[in-house]
Structures are given as structure tokens and as C-alpha cells.
Amino acid sequence: MTEETALQRVKFYQTGTHTVGNRLIDKGARSVQSSMDRSNAITSGHRACQGCGEALGARYALDAAMRAAEGQLVAVNATGCLEVFTTPYPETSWQIPWLHSLFGNAPAVATGVAAAMRRKGRSEVKVVAQGGDGGTTDIGFGCLSGMFERNDDVLYLCYDNEGYMNTGVQRSSATPPTARTATTPALGDAPGNVFGTGKNLPLIAMAHNIPYVATASVAYLHDLEDKVTKAMHIPGARYIHIMVPCPLGWGTASDATIHIARMAVESGLFPLFEAEHGEVTRSNKIRRRVPVKDYLAPQRRFAHLFKKGQEDTTRIARLQRMADANIERFNLLGERESP
Amino acid sequence: MLKQIEGSIAVAEAIALCRPEVVCAYPITPQTHIVEGVGALVKSGALENCEFINVESEFAALSVAIGASAAGARTYTATASQGILFMAEAVYNAAGLGLPIVMTIGNRAIGAPINIWNDHTDAMSVKDAGWIQLFAETNQEAVDLHIQAFRLAEELSSPVMVCMDGFILTHAYERIDVPTQEEIDAFLPPYDPVQVLDPVEPYSIGAMVGPEAFTEVRYLAHEKQLQALRLIPEIGAVFKDVFDRESGGLIHPYRTEGAETIAVALGSVNGTIKEVVDAMRDEGAAVGSISICSFRPFPLDELEATLAGAKHVVVIEKSLAPGLGGILASNVRMALREMAVPVYTVIAGLGGRPITMASLRGILEAAAKGRLPDVQFLDLDHGAVEREILRARGIRRSGPTAENILKSLGAAAVAGDE
Amino acid sequence: MFQVRIHGRGGQGVVTAAELLSVAAFTEDKYAQAFPSFGSERMGAPVVSYCRMDDKEIRLREPISAPDALIIQDPTLLHSVDVFKGLNPQGYILINSRRTFEELGIAEYVARFPAHHVCCVGATELALRHVGRPLPNAALLGGFAAISGQIHFDSVEQAILEKFSGDVGAANAAAAREAFDIAKAMGAKGMTAC
Ligand SMILES: Cc1ncc(C[n+]2csc(CCOP(=O)(O)OP(=O)(O)O)c2C)c(N)n1
Ligand code: SF4
Ligand SMILES: [Mg+2]
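Residues numbered from 1 in each chain as written. Chains lettered and ligands numbered in written order. Predicted model: local features only at pLDDT ≥ 70, side-chain atom pairs only at ≥ 80, totals over all residues. Heavy atoms only, no water.

A. Spatial organisation of the site of ligand 1. Neighbouring ligand 1 are 23 residues, the closest being Glu54, Cys81, Gly134 and Gly135 of chain A together with Glu58 of chain B. Chains contributing residues near ligand 1 are chains A and B. Interatomic distance of 3.0 Å between a side-chain N/O atom of Asn161 of chain A and an oxygen atom of ligand 1. Its free accessible area being 590 Å², ligand 1 has 98% of it covered by the protein chains. The biggest single contributor to the shell around ligand 1 is helix 4 (residues 133–139) of chain A, with 4 residues. (Near = heavy atom within 4 Å. Polar contact = N/O pair within 3.5 Å; in protein donor to acceptor, adjacent residues only side chain to side chain. Areas by Shrake-Rupley, 256 points an atom, 1.4 Å probe, with all protein chains shown as cover. Helix = DSSP H or I, 4+ residues; strand = E, 2+ residues; numbered from the N terminus.)

Structure representation (C-alpha cells):
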């Protein structure tokens, strides 16, 4: 490694907070983020918006992946906010080898990198591919399904902010019903994104019978790191779907990202679970259940549901039913024997 | 009605007034405001009887459009840059099937290196796919060309691409005359397809064609473009009758009478070129310009006639054929194949590099003196290029070019500051 | 032709400011062309927008490199971006700040311009007070109308009311009105900042 690309040691001032992991707890149980030796795969100076969940989620995930791979990691990136804000003219935030090719081909490019590493006798080098929800659930879906089906040795990370943020907040197939985006305006008698659309990529990934699928959230650092670490030690195609709120696209305060992400989980709208070879093996139990309404209300993309004096109780109730269905399906309250 | 309005939104309003029945949307800068605008009009109920479909990729966008058009619906979509490459297979297919889809291109460069700014590489990448390609010089013309495009597409049964410069037009707020529904209805008859999927009269569309007929089918594609050469000016004339303004046509000559040096270009840069022409004419220089509106079909005869008296032809183009030079320039040379006039290629405005009056003037003055090289890159930073060539020669593992150039520019800028 | 360049940061409504200015010019039957600096910048990054105004059709499509007026929405840019580049020596400068040119460290520079051509107005505070959000763009246009004389305040007001409906429109218009009055008063007194 040349001087220029050597990892920077993190300057670190934080102690005893919940954000990066409490240093007062047992060493082995501390988060990767709380370690002075975290690789800081995305270093400071990138151009994400304040409070960007994706910037945080990507750093959490890649630092954990770097530790698991003992620094032997290559990342492939689909086009999207992460790609744009980490490589601002004329700089880069990446401290790991990183390749951006196109919007719709990251899984296939990663397959190619992994194949070359194998042929070159460099199988210690692990490959992650990453993209936003648009790059993953929409335009890159064909390549992703191919990567899954061939069980290629790649960990795919999807940063889900429920829309095409880089191009100015348009609908993707991960945009929730009623959310306002630039292509689902809050107009007419069914304002925002419509019900009965969208796809659940973690479940689709499971249907490929790949060895590991998980969902994670920036609000649950330890859980996220654990899942990435576990995935990194499994050969074959792996998929982690990470919920990363976007203050700009969601219309939330930039200091509310973690709070909002946590409510997405605690309301049941975004269930956290793991699956192996197509079967759910574990789900994270909700500790303090919150009504979906509490999650929706602070987000401007749902503002039309909460117009003064005419709350859209019908649609809010329908969203609540979606959360209830998740709670039932993934046993999020632990009412049944696991999982 | 006269409005001070963003180019994209004006186009969206015009599209809506053309009563499309299926619109497919996929975001890509700088085209996105247009489909967002159409989407809002559908959602608010202003545009009735229209399916607005948020698809999962450009490939799907144009594929949905193909299906809709084949089933007899007036169909519209828009894209740019990487998007048109992602749909490339369908682009050829739509033309081969003769489906009258109208598509806007908000022209943008193609990566790598990824670049969201304006040039014409995207349109050029599919110039020979069989679509009609019209280039708008102003936002008014962009609006007008879309209206004409539906009529042209449906009369010929051929897809039409309307190219408008990304950002420079799509994101500019200007005074634009947005037509009324009555005007559009007077100009654009309802769509009456020449082929349609209908159980009442079953057709097979898209059959395999072998060597015995493929050449003939392709000939007819060429013939259709030649028909368009006739139809485009005709439609422009009808448009003028209804809307009382000139828009469209094959080419727009500007002060070419007696001009010895003539600049030729596509799209919005023609506005700046006209300013330069005026300034130089005021000083007595014999210069003029031609804005090409119809790039496909390419107006060979009209160009030949208009350039007949020129001594120097300067093609200013926002695209590059690496290893050859100019794309537009090669086409212009084809028009001048019987004349011994030098045709200079000036590659300009790539990836959003501003094309300034000062630089254009320098080019035209040099051309008038016969002092232009065959191919010139406007405002090229020779220093940066040479540094990189030297550097790459020196080290085998020299790394990615784009990143190195940026690094060297950064270093030069810092050094320059001191 | 009169050319205005607006500097600010992503999220401050820089592009909207140019748009509003062009609409104001349009209401006076002028031709106007507003356009952004075309970046992929996110919130907080330096951004630029432009507006040309003329009595005849505007064909020019190059960015504005020699502006007749500058509107600087964020004074922190003064020392990170060369905002004054190419400014017409007889041009106008309007800065969103409650500080004086001395305090901003540019007194010597602005002294070259006619005194009533340069002005600071605390537009963010005006916006916070009237609109409740720190968006200085609309208010600054009131100040621009006052110092440049290129556009009537009524046109600015009309543009604002067209763009923002209801209370938000009225509040922005009130902020612009106050900025206009402040800038006018300062011009009359030969003062340059408030
Ligand atoms: C083929 C192609 N189509 C469209 C685009 C434009 N584009 C770039 S990023 C992007 C949206 C990215 O959304 P997502 O994947 O969800 O990532 P986010 O920005 O939200 O993190 C789009 C539409 C492109 N680069 N290439
Ligand atoms: S738009 Fe959203 S995802 Fe993109 S940088 Fe800003 S906060 Fe992050
Ligand atoms: Mg996204």
C-alpha cells in the first residue's frame, strides 16, 4: 500500500454515547465504529447533505466489512447519491479500492471483480457491491437476480432511502404508499404513491435460496455490524437491505435521521430479520412499539396525510395495517415461538 | 399564452396538450423535470385519459412505450445520456417496428467519467437507429417541435426524438408562448395508427426477416427518412399557419447571404453563434451561420445550396467521434462532397464546458483567415493534457486517467493561487 | 442587457431567486432568461444562478462571466469563492448580512463602486421574522429592486405572490418590502449597511 492510499487513523473524540457504541462495555461487545482502528472506509469531506442516513449506513457497513475482511476489500458502487457525494470533483472519500461503473450493473461488475480475484489467486480479497434502492430494486434488479441465482461470491448492500434521491426524489419500487415524491405528487384523490405497488426485495432475495439475507437499519448499529460481519464470513451471494433515511427526500430534520429510522423499525413498517437459504432464522423484537402515525407525522413527504383539521385517517390506518401485518408475519413482538 | 416558465415545464405542458394516452417516466438529469411535470398534470386531473407509468428503467420506459404504441395509443417518454444507452436495444426496435413514439432527449454527456452536463453525445449514439432527430435551438422551438413531432411521427409512422440541450434549455426560465388546447387540436389530428394490435383485425408485428427481404426492409427505413425530408418543411408550414410563428423545418440559415465563413451547429449554441455573427457583421466580416434543426433525416441538399458560396465552413459540435473527429462535420462534408470547401471541425461544449462568444469569435476569425486545423478542441487545456500524457508514459501503473487529470488540475489551481 | 449573478448555498433558494427575478422582469414586458449553475451540489454547497434581462429576445447562452450586479445570499462565500469575478466596475453588490462592509472585510473593495450601488441587508433575519424560515432569497430581491433600479418593487412582489401561494407568499412579499425600504433608506443616506 502506498503512502497516499494508507488508511488514515481516525481522530476520535466520542466517549460513552450510544451512537458509536459505548466504550464502557466489554471490549468484545463494542461496535466497530467505536474502535480507533476502524478503517473509515468513507472518510470525512464527502458532500452528503447534513444528516444523510446513507452516508452513515455505508460507513457503518463498510467499516464492518473491512474489519471482517482484514482490509482485503473491493467495493463496487452503482450510480446514486453515495457514488456522487463520495467522489466530488476532484476528490474521493474512499479509502478502499472502489469502482463505479453504471447505474444498473453493479451486481454484475462485482461478479466480474470476484471472478478475476479468484483467477488471480487473490481469493482473500472480498467483494461488496452497493447501491441505492433504485439501483437495486429497479434498474439493477435483473443483474442482481443473476448474481443471486449463480450464487456469486459477492455481498450486496442496498441502501434504501425509499426513492431516487440523487436525481431529486422520484418514486422507486421501494417508495412506500402515500409518500410524496416528484413523480408521485401529493395531488388528486390518491395523493402520493399509491397502495398495492412496490416490491419487497429481501423476500425476493430469499426466494433465490441464497445463503444469507438480512435487513438492517442505521438506527441499530450493533445489529447492522453483526449482520455485515456474519455475511462477510459466508461464501456465496449475500444480501443486506439497510434502511437509511434521507432528510432531503423525506423532509425530516437533519438531526432526526436516527430517530426516524428507529421509529420505522419500532412501528413495524421496516422489520429487521435474517434469513438463511430462504428461511427466516431470526427477527429483531420490537422493544417499544410506536404507532405508525408517530413515524409518519414528522416527515414532510407524508404531510398531506396530516392536513390541519382533515387528517387522512383512512390512509393512515391502511399503513398501520401494513405494519401490523409485518409484526404478525415476522413475529416482531415475539408472540410466537421463534423465529 | 406567453409565460415566463422553465423550458422543461413548458414542454411538459405542451406534451399534455397533445393528449398523450401513455407516458412512461424514468428519472435522469436533466430530463426529469419534464416527466415530473407531465406526471403532476396527470395526477391533478388536468391531463385526462392518460396512463402515467413510473417504470423501473429506461429499457422498460421505451419498452412500455413500444407496447402502448403498437396497441394504438399516442405515446411519449423522455430520457438523456446513460438512459438512452440503457434503452438502446429498444431504440432500434421502436424504429424498426415503425412506431410513432415521441421522445425528448435532454441532451447530456455520456460517461465514464460520469458527467451530468450538456453535450450531444447521447443523441449521436443513436443517430442511425432510424429515429427522426430534431434539435431545438430555443425553448420556444422545443415546445413547438414536440407538437410537430407527434404529427410527423404519426403521419410517417416513425418514432421522433426531440433533442433539447440539457440544463441550457431544460432548466432555463424564459418567455415562452405555450399554446392553447384549441390551437393544438387544430393542428394535431387524433392518432390514426397504420398498424395496431387488435383482435378485430389480427396482425403479427415484429416477425423474423431473413436475407431475402432484410435489405428491402432497411431500404424502406431509409426511404421513410427521405419522405420526412419532404414532410418536415410541410408540417412546419402548416404549423406557421396555425400558430403564426416559424419553428422547425430542416435548417435555419442566419445572415448567410454573401457570407464567406459560415458556422454550422445543432441546438442552443446557435443563439450564441448568432450574437457573434451580428458582432462580426457589424465590423464588416462576411460571416453567417446555419442551425440544423433536422439532423435525421440529414438535409444534404439544403445545406449544399446554402453553403454554396462559402469559402470556409466551421462545424461547431458538441460531440466527438474519438479516432475520427467530428460527427456532424462528417455529415456536413457529405453535403459538400462536390465542392472544394474546407470544413473545419470544432469540438466544443463537451460535458458542459461553456461555449463563450469570445471563444467562438476567435474560431470564426481564425477560420476566415484559413488558420484553423482540421479538428480543434475549443478551449482545450493543453497543459493538463500534456502533463497526463507524460505522466502516463512514465509509469506503467498510472491509474485512472479521469482522476489523474482532476488531481493535476487541482494541483495546478493550488499552485496558481499562490 | 442587464446581467445578474446570484451566489448562495444549496438549499437557500438561489435558483428560485433567479427565477423570481426573471418573472418580475417578464411582468414588465422585458425579456428575461434565468438559469442555474447546473451542478449536482447538495445542501450547503456553493451554488450560482444567473438572470439576464433585456428589451429584446435573449439569444446568448453562455454563463454570465461579467455581471452587472451580484446578489450574495451567503456572506460566508466571500472568502471561499471568487464571487466578485468579472463584476462591472459600475455594477451593483447586494449582500445578505447585517454586518458592515468593514466587518465583512471587503470595505476597500466595495469603495471602488458608486456608494449607492452597494448594500448589505440582513435578509435571513427578515425572512425568519416574516416567513419563519431562514430563506433570504425573496427578501433580497426587494433589496435588489431598491439599489439597482432595474426592476420595480411591484413586479418583484407580484412574482413572489405568483410563486408562493397564500400566507407564505404574503410573508415573503412583506420581507421583500422591508428589505426594499431598508435598502432605499440606506441609499438615501449614503449608508452602506444596516
Ligand atoms: C441508465 C441510467 N438511468 C438513469 C440514471 C440517472 N440516475 C442516477 S442516480 C439515480 C437515482 C439513484 O437512486 P437510488 O439508486 O435509490 O440511490 P440514491 O440516490 O437514492 O441513494 C438516477 C435515476 C443513470 N445514471 N443511468
Ligand atoms: S439527498 Fe438524501 S441520500 Fe442524497 S446525500 Fe442528501 S440526504 Fe443523503
Ligand atoms: Mg434511493
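From this point, things continue past the structure.
B. The packing of helix 3 (residues 106–119) of chain A against helix 5 (residues 141–149) of chain A, seen in detail. All names here are of chain A. Where helix 3 meets helix 5, the closest approach of the two axes is 7 Å, and the angle between their N-to-C directions is 40°. Classed by the angle they form, the pair helix 3 and helix 5 counts as oblique. Counting all contacts with helix 3, which are made through Pro107, Ala108 and Thr111, the residues of helix 5 involved are Cys143, Leu144 and Met147. Partitioning the contact of helix 3 with helix 5 into residue classes produces 5 nonpolar, 1 polar and no charged. (Axes fitted to C-alpha atoms, helices over the stretch in contact; angles between N-to-C directions. Parallel < 35°, antiparallel > 145°, perpendicular 65-115°, else oblique. Contact = heavy atoms within 4.5 Å. Nonpolar A, V, L, I, M, F, W, Y, C, P; charged D, E, K, R; others polar.)

C. Examining the site of ligand 2 more closely. Looking at ligand 2, the residues that line it are Ala48, Cys49, Cys52, Cys81, Phe85, Asn161, Cys246, Pro247 and Leu248 of chain A together with Arg42 of chain C. More than one chain reaches ligand 2: the nearby residues come from chains A and C. Every element with two or more residues in the shell around ligand 2 is listed here: helix 2 (81–86) and helix 8 (247–250) of chain A. Classifying every residue of the shell around ligand 2 gives 8 nonpolar, 1 polar and 1 charged.

D. A nonpolar patch on the surface, seen in detail. Residues and elements named next belong to chain B. On the surface, Leu350, Val375, Phe377, Leu380, Val385 and Ile389 cluster together to form a nonpolar patch covering roughly 410 Å² of accessible area. Among the elements of the structure, strand 15 (375–377) and helix 14 (382–394) are those that each provide at least two residues to the nonpolar patch. Mapped onto the fold, Ile389 is located in helix 14. Since its relative accessible area comes to 41%, Ile389 is described here as partly exposed. (Patch = residues over 30% accessible without salt bridge, like charges linked within 9 Å, V, L, I, M, F, W, Y side chains within 5 Å. Salt bridge = Lys/Arg side-chain N within 4 Å of Asp/Glu carboxyl O. Buried < 20%, exposed > 50% of the residue type's maximum accessible area, 1.4 Å probe, protein only.)

E. Quick look at the domain arrangement of chain B. Residue and element names in this part refer to chain B. Splitting chain B by domain gives domain 1 (2–194 + 206–243), domain 2 (251–377) and domain 3 (383–417). Its C-alpha centre places domain 1 at a distance of 26 Å from the equivalent point of domain 2. Tallying the contact residues gives 26 residues for domain 1 and 24 residues for domain 2. Between domain 1 and domain 2, roughly 1900 Å² of surface is buried when both sides are summed, and carbon and sulfur atoms account for 57% of that area. Interface area lost by domain 1 to domain 2 is led by Met124, Phe135 and Glu137, which between them contribute 31%. Linking domain 1 with domain 2 are 3 salt bridges, by the criterion used here. With its nearest N and O atoms 2.7 Å apart, the salt bridge here joins Glu137 to Lys274. At the junction of domain 1 with domain 2, the criterion picks out 14 residue pairs in polar contact (both at pLDDT 80 or more). Class assignment of the residues belonging to the side of domain 1 that touches domain 2 gives a composition of 14 nonpolar, 6 polar and 6 charged. (Domains from an automatic or database assignment. Buried area = accessible area lost by both parts, 1.4 Å probe.)

F. Structural context of the interface of chain A and chain B. In this assembly, 25 residues from chain A lie in contact with 21 residues from chain B. Between the two partners, chain A and chain B, sit 0 salt bridges. At the junction of chain A and chain B, the tally comes to 6 residue pairs in polar contact (both at pLDDT 80 or more). For the side of chain A that touches chain B, the per-class residue count stands at 11 nonpolar, 10 polar and 4 charged.

G. Representation of helix 3 (residues 58–70) of chain B within the structure. Helix length check: helix 3 of chain B (13 residues) gives 18 Å between terminal C-alpha atoms against 18 Å at 1.5 Å per residue, within 8%. Looking at helix 3 of chain B, one finds that the buried residues are Glu58, Ala60, Ala61, Leu62, Ala65, Ile66, Ala68, Ser69 and Ala70 of chain B. Where helix 3 of chain B is buried, its residues touch helix 4 of chain A together with strand 2 (22–25), strand 4 (75–79), helix 4 (81–86) and helix 5 (88–96) of chain B. Of the residues that open helix 3 of chain B, the one with a side-chain oxygen 3.3 Å from the backbone nitrogen of Phe59 of chain B is Ser57 of chain B. Looking one or two residues past helix 3 of chain B, Gly72 of chain B carries a phi angle of roughly 95°, positive in sign. (Expected span 1.5 Å × (residues − 1).)

H. Region of interest: the side chain of Thr75 of chain B. Residue and element names in this part refer to chain B. Relative to the helices and strands, Thr75 is located in strand 4. A distance of 2.9 Å separates the side chain of Thr75 from the backbone oxygen of Ala73, its partner in a polar contact. When neighbours within four sequence positions are excluded, Thr75 is seen to be in contact with Val22, Ala65, Ala68, Ser69, Pro100, Ile101, Val102 and Phe150.

I. Summary view of the coordination of the magnesium ion (ligand 3). Residue and element names in this part refer to chain A. At 2.0 to 2.1 Å from the magnesium ion (ligand 3) lie its protein donor atoms, namely Asp133 (OD), Asn161 (OD1) and Gly163 (O). As a motif over one chain, the donors of the magnesium ion (ligand 3) read D-x27-N-x1-G. On the criterion of sequence distance, the pair formed by Asp133 in helix 4 and Gly163 in the loop between strand 4 (155–160) and helix 6 (201–206) is long-range, its members being 30 residues apart. What makes Asp133 buried here is its relative accessible area of 0%. Taking relative accessible area as the criterion, Gly163 reaches 4% and is therefore assigned buried. (Donors = N, O, S within 2.8 Å, 3.2 Å for Na, K, Ca; no water.)

J. Local environment of the pattern of salt bridges. What the rule picks out here adds up to 41 salt bridges over all chains. By sharing partners, the salt bridges in this structure join Asp223, Lys227, Lys230, Glu274, Glu276 and Arg282 of chain A into a single network.

K. Inspection of empty space enclosed by the protein at higher detail. All names here are of chain B. A complete count under the given rule lists 1 cavity of 30 Å³ or more for this structure. As a volume, the largest cavity reaches approximately 50 Å³. What lines the largest cavity is simply Leu134, Leu145, Gln148, Leu152, Ile232, Ile235, Gly248 and Gly249. Mapped by element, the contributors of at least two residues to the lining of the largest cavity are helix 7 (139–156) and helix 9 (214–243). With 3 residues, helix 7 is the largest single contributor of residues to the lining of the largest cavity. Residue composition of the lining of the largest cavity, grouped by class: 5 nonpolar, 3 polar and no charged. (1 Å grid on protein atoms, 1.4 Å probe; cavity = no way out; pocket = protein on both sides within 12 Å on 5 of 7 lines; lining within 4 Å. Points joined across faces, edges and corners; volume = space filled by probe spheres on them.)

L. Highlighting the nonpolar core. Residues and elements named next belong to chain B. One finds Trp131, Val313 and Val332 to be the most contacted residues of the largest nonpolar core, which totals 105 residues. At 9 residues, the largest contribution of residues to this core is made by helix 7. A domain split of this core shows at least three residues from each of domain 1 (2–194 + 206–243) and domain 2 (251–377). Beyond its immediate sequence surroundings of up to four residues, Val313 is in contact with Ile262, Val264, Leu307, Val332, Leu336, Val341, Pro342, Val343 and Tyr344. (Core = buried A, V, L, I, M, F, W, Y, C linked by side-chain atoms within 4.5 Å.)

M. Broad picture of the environment of Leu99 of chain B. Residues and elements named next belong to chain B. Assignment of secondary structure puts Leu99 in the loop between helix 5 and strand 5 (102–107). With a relative accessible area of 1%, Leu99 lands in the buried category. Distance from Leu99 to Glu154, taken between C-alpha atoms, is 8.2 Å for residues 55 residues apart in sequence.

N. Quick look at the interface of chain C and chain B. Taken together, the contact between chain C and chain B spans 23 residues of the former and 27 residues of the latter. Summed over both partners, the interface of chain C with chain B comes to about 2000 Å²; 56% of that surface belongs to carbon and sulfur atoms. The shortest N-O distance in the salt bridge between Glu174 of chain B and Arg61 of chain C comes to 3.1 Å. The interface formed by chain C and chain B includes 12 residue pairs in polar contact (both at pLDDT 80 or more). Going through the elements one at a time, helix 1 (14–27) and strand 2 (31–36) of chain C are the ones with two or more residues in the side of chain C that touches chain B. Considering every element that reaches the side of chain C that touches chain B, the biggest residue donor is strand 2 of chain C, with 6 residues. Grouping the amino acids of the side of chain C that touches chain B by side-chain chemistry returns 11 nonpolar, 5 polar and 7 charged.

O. The packing of aromatic side chains, seen in detail. Under the definition given, this model contains 17 aromatic pairs over all chains. With centroids separated by 6.3 Å and ring planes inclined at 55°, the aromatic side chains of Phe2 of chain C and Phe144 of chain C adopt a geometry described as tilted. Here the residue Phe2 of chain C occupies a position in strand 1 (residues 2–9), and Phe144 of chain C occupies one in helix 5 (residues 137–148), the gap between them amounting to 142 residues. Given a relative accessible area of 1%, Phe144 of chain C falls into the buried group. Aromatic ring contacts, followed pair by pair, group Phe103 and Tyr164 of chain A together with Tyr26 of chain B into a single cluster. Between Arg318 of chain A and the ring centre of Phe195 of chain A, over which it is positioned, the NZ or CZ distance is 4.2 Å. Between Arg175 of chain B and the ring centre of Tyr31 of chain C, over which it is positioned, the NZ or CZ distance is 3.9 Å. (Phe/Tyr/Trp six-rings, centres within 6.5 Å; stacked < 30°, edge-to-face > 60°. Lys NZ or Arg CZ within 6 Å of the ring centre and 35° of its normal.)

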